[in-house]
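Working through the structure, step by step
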Amino acid sequence: MKKHLYGMPCALAIISLFVACSDQFTRTLFKGQYPHQRYSKQLDNAGIERTALYRQWQEAAVRSLSDPTAIRIPHQETAYMPPDQPTAIGYIFPARQGERLQVEVTTQSIDTVALFIDLFEAPLDTAAAYKHVASADTGTTALTWDFRKDGHYILRIQPELLAEVSFVLRLTGDPSLANPVASAAKQHIGSVFGDARDGGGRKHEGIDIFAAHGTPVVAAADGTVGRVGDNRLGGKVVWLRPKGRDINLYYAHLDSQLVAPGQQVVIGDTLGLMGNTGNARTTPPHLHFGIYGIGGAVDPMPFVRPGKSVPPDISANVNRIGDTLRTVQPLLADASRHIPVRVEAATASGYRVVLPDDSRHVLKPRQLVALTDLRSMQLTKPRIVYAQPDTMAARITELESGQRTNVTAEYKDFLMVEQPLRGWILR
């Protein structure tokens, strides 16, 4: 994979001694902080915070939250992070209470690389802070999280400073509860949360799972049996309190109950047998399965069948990851169509690319071409060659009037040239 883009200067080899303390010492010293924060504090203590690389690393971390890439779960991609361009990738996606996020990252690198994987709750108010909710443990590249409320969340992935790493990311939304009906039984969901009841006088506060009369209904989580009783609507019912969770599970219309209040159960234990008691006497046998939290009834579907477990296949050529290509159509109102972009990842939608301003776009393969010469030009006046398309960037060299150079890309007021070195000149 290619590692350079836009003539950005290579990273300085200044961090060979930046962390002398052990991980155990770090955990003790910065107890309560998550791994990304502890690492940042290590850099601070080593005096690295005064370097440009450190500032770029921190800016990348912040930018990944303020300008994340929108995705949908399930999602998978193959990505590459170069060592000389501090990078962090943010992914924003909607999630529902009850879904279990599974993050699996498979890395490939010559060296052992610390990869920080953090999950944040995106604020409704853009001026509010991002709430950290979970992190992968130090030394691991996997994260599991059960969402406790509906909302948008941001997953951030960032390697340690000066690390070069490629990785495969796989995100799925799995059920956080087991099936409340014996999995071997033939079954189907016939009514969902929110359906009208009693001529619209009330709404359905659960899902109805239909199966044969006498089918076992089982514990969807380890927990404690609450009330076991009978009521007008639910008929014979069982309540179950999952261990460590602020919800109660409600099993209704049972033909018989096989547990007692206070009984400890584990996933799969039989709580009763399916029937049609209560107000279900005129319907086929089914389990009314409800979930109640602090705010009342919640939709059980994300808890048991979110349907987000199979990511789409990666369609783009993964051999292009890390390459610098050129767009064939305008991406910005004030930019040409010949923009150089670094291919950061291959996804089901195509490529996620990084522009010279560090913004990200997802493009189809047909929207990109190889970075070849657009044209040759003879300079009519001296031109300064900048490392980036910015007159405040470092100056690489100066081209003399009358000198010929090849233009390979364009961006706003700048041209990318290749001779004698790759860099940018004003148009």
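Read on for a plain summary of the structure.

**Re the nonpolar core**
In terms of nonpolar packing, the biggest core is built from 28 residues, with Phe93, Val103, Leu119, Leu155, Ile157, Phe167 and Leu169 touching the most fellow members. Going through the elements one at a time, strand 2 (75-81), strand 3 (89-95), strand 4 (99-108), strand 5 (115-121), strand 6 (131-135), strand 7 (142-146), strand 8 (151-159) and strand 9 (165-175) are the ones with two or more residues in this core. Phe167 has contacts with Glu77, Thr78, Ala79, Met81, Ile89, Tyr91, Val105, Thr106, Thr107 and Ile157, leaving out every residue within four places of it along the chain. Of all hydrophobic cores here, the second largest spans 26 residues; its members include Leu177, Ala211, Ala219 and Ile247.

**Considering the pairing of strand 8**
In terms of burial, strand 8 is largely enclosed, as seven of its nine residues are buried. The pairing of strand 3 with strand 8 spans seven bridges and is classified as antiparallel. When the sheet's bridge partners are listed, Tyr91 is paired in strand 8 with Leu155. Bridge count between strand 5 and strand 8: seven bridges; the pairing is antiparallel. What sits directly across from Ile117, in strand 8, is Ile157.

**Points about the sheet that holds strand 6**
One open sheet accounts for five strands, arranged 1-3-8-5-6; its pairing is mixed. What marks the edges here is a single partner per strand, and that holds for strand 1 (69-70) and strand 6. Together, strand 5, strand 6 and strand 8 form the strand contacts of helix 2 (residues 35-45), whose direction differs from that of strand 5 by roughly 125°. Most of the contacts of helix 3 (residues 52-66) go to strand 8, to which it runs at about 160°, and overall it touches strand 3, strand 5 and strand 8.

**Some details on the side chain of Thr172**
By the element assignment, Thr172 lies in strand 9. A polar contact is formed between the side chain of Thr172 and the side chain of Asp174, at a distance of 3.2 Å.

**Examining the pairing of strand 2**
For strand 2, the buried fraction is high: seven of the seven residues fall into the buried class. Relative to strand 23 (residues 340-347), strand 2 is paired through three bridges, and the arrangement is antiparallel. Among the inter-strand pairings, Thr78 is bridged to a residue of strand 23, identified as Ala346.

Reading guide: rules and limits
- Residues numbered from 1 in each chain as written.
- Predicted model: local features only at pLDDT ≥ 70, side-chain atom pairs only at ≥ 80, totals over all residues.
- Heavy atoms only, no water.
- Core = buried A, V, L, I, M, F, W, Y, C linked by side-chain atoms within 4.5 Å.
- Buried < 20%, exposed > 50% of the residue type's maximum accessible area, 1.4 Å probe, protein only.
- Helix = DSSP H or I, 4+ residues; strand = E, 2+ residues; numbered from the N terminus.
- Contact = heavy atoms within 4.5 Å.
- Pairing = 2+ DSSP bridges.
- Axes fitted to C-alpha atoms, helices over the stretch in contact; angles between N-to-C directions.
- Polar contact = N/O pair within 3.5 Å; in protein donor to acceptor, adjacent residues only side chain to side chain.

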